[in-house]
Amino acid sequence: MGMGPVQAGAGDEDGFDAAPMSEINVTPMVDVMLVLLIIFMVAAPLMTVGVPVQLPKTAAAKSAESKKPVVISVDKDGQAFLAKEPLPADTALARLKAAAAEDPGQTVLVRGDKDVPYGKVMEVMGLVGQAGFAKVSLIANAPSGGAAPAAAAPAPAPAAPR
């Protein structure tokens, strides 16, 4: 491809023509790009922030985020985490207020394990509101079937006392 036939005696004193080659061999570049692609494909799932939790499933659409949000996770034992650091109840409000002071318009994402009591997730969301954050969202996984869940039948109204 890049080499022509060798001609003895035509050219300079050693018998080789020293014309510059004008073709670029792209095979090494393609090899490097494929290796980088594989590295990024393997490393991307490892870059998630937070404590591993089993998220519940929902059919709600995903929202687009422009800034990196504050992520608060609640594991199945009810322990809250700010990113990957434990968030003890006694210092939680002070730490969240410090984060809100940096950017009060920042979005806070709450990740609650599906087995954690509802009240514990609501306590964490209450602390986020007290700290001064205006945008709070819950994170959930999309259902595996892709269809929206069926609407639950309305609960009957309680009987009026007589």
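So, here's what we can say about the structure.

The rules behind the values
- Residues numbered from 1 in each chain as written.
- Predicted model: local features only at pLDDT ≥ 70, side-chain atom pairs only at ≥ 80, totals over all residues.
- Heavy atoms only, no water.
- Buried < 20%, exposed > 50% of the residue type's maximum accessible area, 1.4 Å probe, protein only.
- Helix = DSSP H or I, 4+ residues; strand = E, 2+ residues; numbered from the N terminus.
- Pairing = 2+ DSSP bridges.
- Expected span 1.5 Å × (residues − 1).
- Arc of directions from axis to C-beta.
- Contact = heavy atoms within 4.5 Å.
- Axes fitted to C-alpha atoms, helices over the stretch in contact; angles between N-to-C directions.
- Salt bridge = Lys/Arg side-chain N within 4 Å of Asp/Glu carboxyl O.

1. Overview of the pairing of strand S1 (residues 70-74)
Right, on to step 1. S1 sits mainly inside the fold: five of its five residues count as buried.
Right, on to step 2. Bridging between S1 and strand S4 (residues 107-112) involves five bridges; their strand directions are parallel. Paired with serine 73 across the two strands is arginine 111, which belongs to S4.
Right, on to step 3. Two strands pair when backbone bridges link them, and S1 and strand S2 (residues 80-82) are joined in this way by three bridges, in the antiparallel orientation. Across the sheet, the residue bridging to valine 74 is alanine 80, located in S2.
Right, on to step 4. Where S1 folds back on S2, the antiparallel hairpin that results is connected by five residues, among which glycine 78 adopts a positive phi of roughly 90°.

2. Concerning helix H2 (residues 89-102)
Right, on to step 1. In this model, H2 (14 residues) spans 21 Å end to end at C-alpha, consistent with the 20 Å of a helix rising 1.5 Å per residue.
Right, on to step 2. Among all positions in H2, only Ala92, Leu96, Ala99 and Ala100 are buried. The buried residues of H2 occupy an angular sector of 100° when the element is viewed end-on, so they sit on one face. Exposed positions of H2 whose direction lies more than 90 degrees from the buried face are Asp90, Ala94, Ala101 and Glu102.
Right, on to step 3. Looking at the buried side of H2, the elements it contacts are S1, S2 and helix H3 (118-131).

3. Digging into the sheet that holds strand S3 (residues 85-86)
Right, on to step 1. The five strands are arranged S3-S2-S1-S4-S5 in an open sheet whose pairing can be described as mixed. One side of each edge strand has no neighbouring strand; the edge strands of this open sheet are S3 and strand S5 (135-139).
Right, on to step 2. Each of S1, S2, S4 and S5 touches H3; the most contacted strand, S4, lies at about 165° to it.

4. What to know about the pattern of salt bridges
Right, on to step 1. Counted by the stated rule, this structure contains two salt bridges.
Right, on to step 2. Across the pair glutamate 123 and lysine 120 runs a salt bridge, and its minimum N-O distance is 3.7 Å. Of the two residues, glutamate 123 and lysine 120 both sit in helix H3, three residues apart, roughly one turn of that helix.

5. A look at H3
Right, on to step 1. Taking 1.5 Å of rise per residue, 14 residues should cover 20 Å, and H3 covers 20 Å from first to last C-alpha, within 8% of that figure.
Right, on to step 2. Every buried residue of H3 is listed here: Val121, Val124, Val128 and Ala131. Taken end-on, H3 shows its buried residues confined to a sector of 80°, consistent with a single buried face. Opposite its buried face, H3 presents the exposed residues Tyr118 and Gln130, each directed more than 90 degrees away.

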